[in-house]
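# Structural overview
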Amino acid sequence: QQQVKQSPQSLIVQKGGISIINCAYENTAFDYFPWYQQFPGKGPALLIAIRPDVSEKKEGRFTISFNKSAKQFSLHIMDSQPGDSATYFCAASNTGGFKTIFGAGTRLFVKA
Amino acid sequence: NAGVTQTPKFQVLKTGQSMTLQCAQDMNHEYMSWYRQDPGMGLRLIHYSVGAGITDQGEVPNGYNVSRSTTEDFPLRLLSAAPSQTSVYFCASSLWGLADNEQFFGPGTRLTVL
């Protein structure tokens, strides 16, 4: 039972382009939506997160867009760089984080 | 401040063998968890703990046991390894009850069961 659906599975973007990864969730009790970035051989690390009381959050080149009514959220990476090549996971949890549900992941490759 | 540490980094087991994956954190985090990462499946929660002496099951607990005797340590035990448990295992920790519950992940243990 996959409660957080993530797409695409893989993504190839030219340097300087925009990378877009989408996620949809089912459980309306979720109130915290983080994105994690994972480089090969490493553990995931928090990239950016949003709560459903805002529709957008921006940190540098990374932006989360959130659509509460559609139960969807997305990660936009502006001016994508080869160093952004990694696997990205969206996730959802309740406040307190007892159980975080992760999407299946998106492998991003940014071509130089 | 070492963060979250995991040992071993790699392990090969034969079917039926038992082993313990170690996890420790030095950030005084109440919440600790174990995930397995499989291709196309993302990270799936195995077990979690909200403090010493308190553990609970996640999405995929079968075949795994945990205990939490101290705040720092959260070992994961495989009692009788099966090929289906071949995976990369991540331990994570976080504060809980706060608005931003960032999880800090260890470097992972790559386990192969033959």
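Whatever comes next refers back to the structure up there.
The text that follows walks through the structure, step by step, so that each part is easy to find. The structure displayed is predicted, hence computed values, not measured ones.

Parameters at a glance
Every residue gets a number counted from 1 within its own chain, in the order that chain's sequence is written. Here chains are named by letter from A upward and ligands by number from 1 upward, in the order in which they appear as written. Under the rules for a predicted model, residues below a pLDDT of 70 receive no local features and side-chain atom pairs below 80 are neither given nor counted, while totals for whole chains, interfaces and linings still include all residues. Side-chain measures were taken over the full set of non-hydrogen atoms in the model, leaving aside hydrogen atoms and water. Only protein chains enter the area calculation, which uses a 1.4 Å probe; residues under 20% of their type maximum are buried, those over 50% are exposed, and those in between are partly exposed. Secondary structure elements follow DSSP: runs of H or I of four or more residues count as helices, runs of E of two or more count as strands, with numbering from the N terminus. Two strands make a pair as long as DSSP finds a minimum of two bridges between them. Any Lys or Arg side-chain nitrogen found within 4 Å of a carboxyl oxygen on Asp or Glu counts as a salt bridge.

## Some details on the pairing of strand β5 (residues 42–51) of chain B
All names here are of chain B.
- Among the 10 residues that make up β5, 10 are buried, leaving the element largely enclosed by the rest of the structure.
- For strand β4 (residues 31–38) and β5, the ladder comprises 7 bridges, and the chain directions are antiparallel. Paired with M32 across the two strands is S49, which belongs to β5.
- Where β4 folds back onto β5 in an antiparallel hairpin, the turn is made up of 3 residues, including G40, whose phi is positive at roughly 75 degrees.
- One ladder, built from 4 bridges, connects β5 with strand β6 (residues 54–57); its direction is antiparallel. For S49, the partnering residue across the bridge sits in β6 and is T55.
- The turn joining β5 and β6, which pair antiparallel and follow one another in sequence, is formed by 2 residues; a positive phi near 85 degrees is taken by G53.

## Describing the pattern of salt bridges
- For the structure shown, the criterion picks out 5 salt bridges over all chains.
- Across the pair R51 of chain A and D31 of chain A runs a salt bridge whose closest N-O atoms are separated by 3.6 Å. In this pair, R51 of chain A sits in the loop between β5 (45–50) and β6 (56–59) while D31 of chain A sits in the loop between β3 (19–25) and β4 (33–38), placing the two residues 20 residues apart along the sequence.
- Judged by its relative accessible area of 23%, R51 of chain A falls in the partly exposed class.
- Between D38 of chain B and R44 of chain B there is a salt bridge whose closest N-O contact spans 2.9 Å.
- D38 of chain B gets classed as buried once you look at its relative accessible area, which sits at 12%.
- In this structure, a network of salt bridges that share partners links the residues R36, D38 and R44 of chain B.

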